[in-house]
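Observations on the model geometry
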Amino acid sequence: MVTRVVTGAHYGLKDWLVQRVTALIMAAYSILFVGAMLVCTPGDYDEWRAVFSPQWMRLATLLFFLSLFWHAWIGMRDILMDYVSSTAARLGLQVVVILLLVAYAAWAVQILWSI
Amino acid sequence: MPQSNRPKYLNLVQIRLPLPGLVSILHRISGFGMFALAWAMLWLLQSSLQSADGYAQAAGFAQSWFGKLFLIGIGWAFMHHFFAGLRFLLLDAHLGTELQIARRSSGLVLVLGILGTLVLGVSLW
């Protein structure tokens, strides 16, 4: 059964949730990554590269980056909605942010898989 | 209607934000700052992983005074955003919403961000 609520559009609920789920993913990755770096600090290039050479580490790091860029989109969208009142300017800036974040995601893949 | 006679008080210099408000606006500012500097972080990561030369270049940047300042700035933004974000998640779960506790937790977030930045700064220098 679908419960429909007449008041309020709830357009933002999905984004609100995504912002929080991506935050938890990033927090978990950050704590584990910083902890691991404190325990066995890589001291040179080969050791640093070895950190990202296992496939699971590349995938985990990619998940972090995708969470980061999705999270950043919602945050930037909120900022633009709050401070840019001209619809045309806001739309233009939102497109710029999206293109930038998609490009960053492709760049992150390239960085991780060309090690 | 008399609605338009309501006082508007939006002088940013004169508004006195309560502590939770300060943490909130700093959460936004730090998030925007990290978005604005994401390209530099990606570039550093790429350079450090690409080759031994690139690694040396990135390490050299991290040891220059400008690089240290950059990393300390990013470090504060990350830590403040991290702790403030955890606090918001707890508030979402209706934990710590009482006025006194919310005030204290916002103070704690501010202090943790600054302490973490100090630790980072000392270990960099």
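The paragraphs below set out a description of the structure included in this document. Just so we're clear, the structure is a prediction, and the values are computed from it rather than from any experiment.

Below, the discussion takes up the interface of chain A and chain B. Facing 17 residues of chain A, the contacting portion of chain B comprises 17 residues. Where the side of chain A that touches chain B is concerned, the elements lending two or more residues are helix 1 (13–39), helix 2 (45–51), helix 3 (55–83) and helix 4 (87–112) of chain A. Here the side of chain A that touches chain B is composed, by residue class, of 13 nonpolar, two polar and two charged.

Two elements in contact, helix 3 of chain A and helix 1 (residues 19–36) of chain B, have axes whose closest approach is 10 Å; the angle formed by their N-to-C orientations is 120 degrees. By the angle between their axes, helix 3 of chain A is oblique relative to helix 1 of chain B. Note that helix 3 of chain A runs across helix 1 of chain B; the crossing there is left-handed. On the side of helix 3 of chain A, the interface is formed by A:A72, A:G75, A:M76 and A:I79, while helix 1 of chain B contributes B:R28, B:G31, B:F32 and B:F35. Class assignment for the residues of the contact of helix 3 of chain A with helix 1 of chain B results in five nonpolar, two polar and one charged.

Turning to the environment of A:F69, a few remarks are in order. All names here are of chain A. Relative to the assigned elements, F69 resides in helix 3. Separated by 19 residues in the primary sequence, F69 and A50 have C-alpha atoms spaced 25 Å apart. Ignoring any residue separated from it by four or fewer positions in sequence, one finds F69 in contact with L101, Y104 and A105.

Let us look at the nonpolar core. Core analysis: the largest hydrophobic core is formed by 12 residues, namely A:F65, A:L68, A:F69, A:A72, A:W73, A:M76, A:Y104, A:A108, A:I111, B:F35, B:A38 and B:L49. Of all elements in the fold, only helix 3 and helix 4 of chain A together with helix 2 (38–50) of chain B reach the threshold of two or more residues within this core. Here this core takes six residues from helix 3 of chain A, the largest share from any one element. Sequence-distant contacts of A:Y104, defined by excluding residues within four places in its chain, comprise A:F69, B:A38 and B:L42. Within the second largest apolar cluster, 11 residues are counted, among which are B:V23, B:W76, B:F78 and B:M79.

Criteria and cut-off values
- Residues numbered from 1 in each chain as written.
- Chains lettered and ligands numbered in written order.
- Predicted model: local features only at pLDDT ≥ 70, side-chain atom pairs only at ≥ 80, totals over all residues.
- Contact = placed C-beta atoms within 7 Å.
- Helix = DSSP H or I, 4+ residues; strand = E, 2+ residues; numbered from the N terminus.
- Nonpolar A, V, L, I, M, F, W, Y, C, P; charged D, E, K, R; others polar.
- Axes fitted to C-alpha atoms, helices over the stretch in contact; angles between N-to-C directions.
- Parallel < 35°, antiparallel > 145°, perpendicular 65-115°, else oblique.
- Left-handed = near helix turned anticlockwise from the far one by under 90°.
- Core = buried A, V, L, I, M, F, W, Y, C linked by C-beta atoms within 7 Å.
- Buried ≥ 20, exposed ≤ 12 C-beta atoms within 10 Å, placed from the backbone.

Remember that the coordinates give geometry; whether it matters functionally is a separate question.
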